[in-house]
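Summary of structural features
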Amino acid sequence: MTQTIDRTDASLIATLETLDSRLRWLSSWTIHNANHLRESRDGLKVGGHQASCASITAIMTALYFHALGPNDKVAVKPHAGPVLHAIHYLLGNQTLDQLQRFRALSGAQSYPSRTKDRIPVDFSTGSVGLGVAVTAFASLVQDYLIAHGDMAEADAGRMIALMGDAELDEGNIYECLIECFKHDIRNCWWIVDYNRQSLDSTTADRMFRRFDDIFETCGWRVETLKQGKIQRATFARPGGTAISDWIDNCPNAEFAALTYQGGAAWRERLNRDLAGSPKSLKLIADHDDAALATLMTNLGGHCIETLLESFARCDDERPTLFIAYTIKGYGLPFAGHKDNHSGLMNPTQIEGLRAAMGIAPGDEWEPYGGMGDNAAAAARAVVEGSALAKAKGEPDASLVPVPDIPTPDGTEQATQAAFGRILLDLAKSGAPLANRIVTTSPDVTVSTNLGAFVNQRGLFRRQELRDVFAAAKIPTAQKWAGHGAGQHIELGIAENNLFLMLAALGLSAPLFGTRLIPIGTVYDPFIARGLDALNYACYQDARFLLVATPSGLTLGPEGGAHQSINSPLIGIGQPGLTYFEPAFVDELALIMRWSFEHMQADDGGSVYLRLTTRAIEQVERVDDSWREPALKGGYWLRRPSGAADLAVAFTGAVTPDVLAAAAELAEDVPGLGLLMVTSPDLLHRDWSAHQAARWTGSASAPCHAEALLSQLAPHAGLVTIIDGAPSTLSWLGGVRGMRVSPLGTDRFGQTGDLPDLFDLYRLDSRAIIDAVAQLLIDTRRLA
């Protein structure tokens, strides 16, 4: 996959070193322009992390302009975004205008973004750690496609993460690492920019060798790039071993401080600490201050030759962690300073750097500025000859046809159970859609009703996994054999891994050219445990169906830790995710079909279904008129009649209580309307967009919520109820200025059965009747 390196090719190494310097300059200048030259209208610091960029330019130069293969994908550490933009500027994929508007509206983004940047970005990064872990799951997706015959083994690429060492503090890294071991991950590189400085401090010295141990235990190869070529050659001389040992034992903070102080400080400290080693002192004396500073900071992560040799040495499918020692701010005036994370070079310092690099005033933005003609020609040839320069755009993946989805039979059904039956019927159907579905779950496959699908389609494993219980003829409902044709990826109980797995599966079309239909299930309250990863998946426009169940209080005996409150608000507030909460099974079937199409649409996205274990008596439909409005967010299950004074807007598991209350109120409130809300998210999104359109003068027809509520009298009251946060629906009162009595859950639940819990938290028919009565009194008094 990587290109080999002839160690005698000094000209290539020299050219890559020139490109390294150029990337350091362009990234620094882009950030400087944004902070010091571009007009500031608000007086706020723009930022951009010059020091974090400088520590990784050599790594990215060696990788992008030599080691990358044509099918490799890279997640770039967030703070190295300007370096990635500089690389694509040299390749001709990035414009000067974009660089000049770095971190400004519609300019180059702060952190690499698949959806916001104009340059090719394989994986969005930003929330540290997630961009690293997603590469491992992308590798698993690639293996899935190979096993299913959708990709040739020869076309496999390497999934690569460039990470800051502070990202190794993130827990999701180690959750992912465990899953990597279980699934025998391959073709994955994680390259650590090991500058040993984070935002607040230097890395703890106690971590030396601990990362090696952790990764090696999980089957990874660990390549440590500590010394550069100059250090290796010098330390081979008499007295060099003592200096090398001194570096190994030097605390990270002291090494950083000496780096910032420079050659004289290095000399004073080394002469003092190595006073008993005459050969070492002589070796030190052979270097002037500048040469001594160069020697002591010649770490492996800044040495092109060392990087190329290491990358070439690991050219196989074994997962590899590269720990590349670097210096934060390398080559910049504040290299090593503990405050350089957010530091910016001042105009005098940037001018000094420009002069040192031989860049003429006015040539700062020139792609190959400061190089002679021969050097520029050599650099251009290397850039244009790289695999990245020859890479084609993202492949087009064909659409997967979506069949009609029949409604499961049964007069009383729960949406969670019906979801499992729908998937089983699809699995048995042999439809193209069924072959593209990939399910996954964090150890709750059975309790979220995926078991029947897995029985039918099997677990995915690269190596055969025998079902020992089935082989022994022990009765069991789960007959889960593992094999390459399996379509369920079972995960451990870590929700971050679930959402990163869904992110990788949901990017299969643009990354690998084959469209998959990922479905992930999780207990509804535990969405919050993986919320950062869910947001990350949606931000880069991964497409998947998230089925969260049971909802609200309906897992009553499990208690508050297993009962969800604010998950509907997550569904409403999360961009790129459309939330539905169907009550009836025919609604679910309709929404699932819409979801499979929406996941494939150019302007589509992911979908979140909030389902319940509560069995509900199904409604008899007179016609299909409910279907279209149901896909807009809601419909009248019972239209208000006459000059209706009141309606109940509801969703999901509370439906039986609403219907029971309506039956009791039939005589006293004959015109009571029942508004079935299938998607609070779509209703709110439509209303919000309509309000915004009014401000711009482009509003036309009423939004769907306004059209629905216009069937009520202007002074009518509205009871809203959901087994979740009451604010999920209470905003409906603002559509037409109605009085609202919002019912819902706003406290952590108790254990108990549904009658007790719905009574305690005022979700039962009695609470609805009380709310209706109070609203009637209030609205009639005000009418």
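Residues numbered from 1 in each chain as written. Predicted model: local features only at pLDDT ≥ 70, side-chain atom pairs only at ≥ 80, totals over all residues. Heavy atoms only, no water.

Quick look at the overall build of the protein chain now. Across its full length, the protein chain holds 35 helices and 20 strands. Considered along the principal axes of its C-alpha atoms, the protein chain spans approximately 105 × 70 × 45 Å. Going through the 783 residues of the protein chain one by one, you find that 59% of them count as buried. Taking the contacts inside the protein chain whose residues are at least 6 apart along the sequence as the reference set, 77% of them involve residues at least 24 apart. Approximately 30500 Å² of the protein chain is accessible, and the part contributed by carbon and sulfur atoms is 51%. (Helix = DSSP H or I, 4+ residues; strand = E, 2+ residues; numbered from the N terminus. Buried < 20%, exposed > 50% of the residue type's maximum accessible area, 1.4 Å probe, protein only. Contact = heavy atoms within 4.5 Å. Areas by Shrake-Rupley, 256 points an atom, 1.4 Å probe, with all protein chains shown as cover.)

For the peptide bond that leads from Thr 549 to Pro 550, omega is -5 degrees, which places it in the cis range. On the secondary structure map, Pro 550 appears in the loop between strand 12 (545-548) and helix 26 (567-573). With phi around 65 degrees, Ser 106 is a residue other than glycine that occupies positive phi space. Looking at where Ser 106 falls in the secondary structure, it is placed in the loop between helix 5 (96-100) and helix 6 (130-147). The class of Ser 106 is partly exposed, set by a relative accessible area of 43%. Phi at Asp 443 takes a positive value of approximately 70 degrees, unusual for a residue other than glycine. Assignment of secondary structure puts Asp 443 in the loop between strand 7 (437-442) and helix 21 (451-457).

A full pass over the atoms with the stated rule returns 18 aromatic pairs. Ring centres of Phe 215 and Trp 220 lie 5.5 Å apart, and the angle between their planes is 80 degrees; this geometry places the pair in the edge-to-face category. Like Trp 220, Phe 215 is buried. For the ring pair Trp 246 and Trp 266, a centre distance of 6.1 Å and an interplane angle of 75 degrees mean the geometry is edge-to-face. Remark: Trp 266 occurs in helix 12 (residues 263-273) and Trp 246 occurs in helix 10 (residues 240-249); sequence separation between them is 20 residues. Of the two residues, Trp 246 and Trp 266, neither departs from the other in class, the shared state being buried. Grouped by ring-pair contacts, the aromatic residues Trp 25, Trp 29 and Trp 365 constitute a single cluster. Between the NZ or CZ atom of Arg 529 and the centre of the ring of Phe 526, over which it lies, the distance is 5.3 Å. Its guanidinium or amino end placed over the ring of Trp 626, Arg 621 lies 4.0 Å from that ring's centre, counting from NZ or CZ. (Phe/Tyr/Trp six-rings, centres within 6.5 Å; stacked < 30°, edge-to-face > 60°. Lys NZ or Arg CZ within 6 Å of the ring centre and 35° of its normal.)

Here helix 1 (residues 10-37) spans 38 Å end to end across 28 residues, near enough to the 40 Å set by a 1.5 Å rise per residue. Within helix 1, 20 of the 28 residues are buried, leaving the element largely enclosed by the surrounding structure. (Expected span 1.5 Å × (residues − 1).)

Judged by how many residues are buried, helix 4 (residues 81-91) sits mostly within the fold: 11 of 11 residues are covered. Residues of helix 4 that are buried include every one of Gly 81, Pro 82, Val 83, Leu 84, His 85, Ala 86, Ile 87, His 88, Tyr 89, Leu 90 and Leu 91, and no others. Residues of helix 4 that are buried sit in contact with helix 1, helix 2 (50-54), helix 3 (57-67), helix 5, helix 17 (373-385) and helix 18 (387-390).

Another point: the layout of surface pockets. Put simply, the second largest pocket is a space of about 380 Å³. Arg 38, Glu 39, Arg 41, Asp 42 and Val 46 are, among the 14 residues lining the second largest pocket, the residues nearest its centre. (1 Å grid on protein atoms, 1.4 Å probe; cavity = no way out; pocket = protein on both sides within 12 Å on 5 of 7 lines; lining within 4 Å. Points joined across faces, edges and corners; volume = space filled by probe spheres on them.)

The next subject is the sheet that holds strand 20 (residues 739-743). The mixed open sheet is built from five strands, whose spatial order is 16-18-17-19-20. Since the sheet does not close on itself, it has two edges, and those belong to strand 16 (634-638) and strand 20, each with one partner. The mean angle between the axes of side-by-side strands here comes to 25 degrees, regardless of whether they run parallel or antiparallel. Bridge count for strand 16 against strand 18 (residues 673-677) is four bridges, and the pairing is antiparallel. Bridge pairing links Trp 636 to Leu 675 in strand 18. Sitting on the sheet, helix 29 (residues 655-665) touches strand 16, strand 17 (646-650), strand 18 and strand 19 (717-721), and the angle it makes with strand 18 is about 175 degrees. (Pairing = 2+ DSSP bridges. Axes fitted to C-alpha atoms, helices over the stretch in contact; angles between N-to-C directions.)

With respect to the helices and strands, the residue Thr 445 is situated in the loop between strand 7 and helix 21. Classification of Thr 445 as buried rests on a relative accessible area of 1%. Excluding anything up to four places from it in sequence, Thr 445 contacts Leu 450, Gly 451, Val 454, Trp 480, His 488 and Glu 490.

Okay, empty space enclosed by the protein next. Enumeration over the complete set of coordinates arrives at three cavities of 30 Å³ or more. The space that makes up the largest cavity amounts to roughly 60 Å³. What lines the largest cavity is a set of 11 residues, and nearest its centre among them are Asn 195, Arg 196, Gln 197, Phe 255 and Ala 256. Considering only residue class, the lining of the largest cavity consists of three nonpolar, six polar and two charged. (Nonpolar A, V, L, I, M, F, W, Y, C, P; charged D, E, K, R; others polar.)

Looking now at the packing of helix 19 (residues 415-429) against helix 27 (residues 585-598). Where helix 19 contacts helix 27, the two axes come as close as 10 Å, and the packing angle between them is 50 degrees. By the criterion of interaxial angle, the relationship of helix 19 to helix 27 is oblique. The two elements helix 19 and helix 27 cross, and the hand of that crossing is right-handed. Here Thr 415, Ala 418, Phe 419, Ile 422, Leu 423 and Leu 426 of helix 19 lie close against helix 27, whose contacting residues are Val 585, Leu 588, Ala 589, Met 592 and Phe 596. (Parallel < 35°, antiparallel > 145°, perpendicular 65-115°, else oblique. Left-handed = near helix turned anticlockwise from the far one by under 90°.)

A separate point is the sheet that holds strand 2 (residues 159-164). Taking strand neighbours across the sheet as the criterion, the five strands line up as 1-2-3-5-4 in an open arrangement whose pairing is parallel. Looking at the sheet topology across the chains shown, the edges are occupied by strand 1 (73-75) and strand 4 (221-225). Between one strand and the next, the sheet's axes are offset by a mean angle of 15 degrees, whatever the strand orientation. Both strand 2 and strand 3 (residues 188-194) contribute to a ladder of six bridges, which runs parallel. In the sheet register, Ile 160 faces strand 3, and the bridge partner there is Trp 189.

Turning our attention to the pairing of strand 17. In terms of burial, strand 17 is a largely internal element, five of the five residues being buried. Residue alternation in strand 17 divides its side chains into two sets, Leu 646, Val 648 and Phe 650 and Ala 647 and Ala 649, and both sets are buried. As paired elements, strand 17 and strand 19 share five bridges and run parallel to each other. Following the sheet pairing, Val 648 is matched in strand 19 by Val 719. In this sheet, strand 18 lies alongside strand 17 in parallel orientation, the contact comprising four bridges. Counted as the bridge partner of Ala 647 is Gly 673 from strand 18. For the segment spanning strand 17, helix 29 and strand 18, crossover handedness is right-handed. (Right-handed = clockwise from strand over helix to strand, strands pointing away.)

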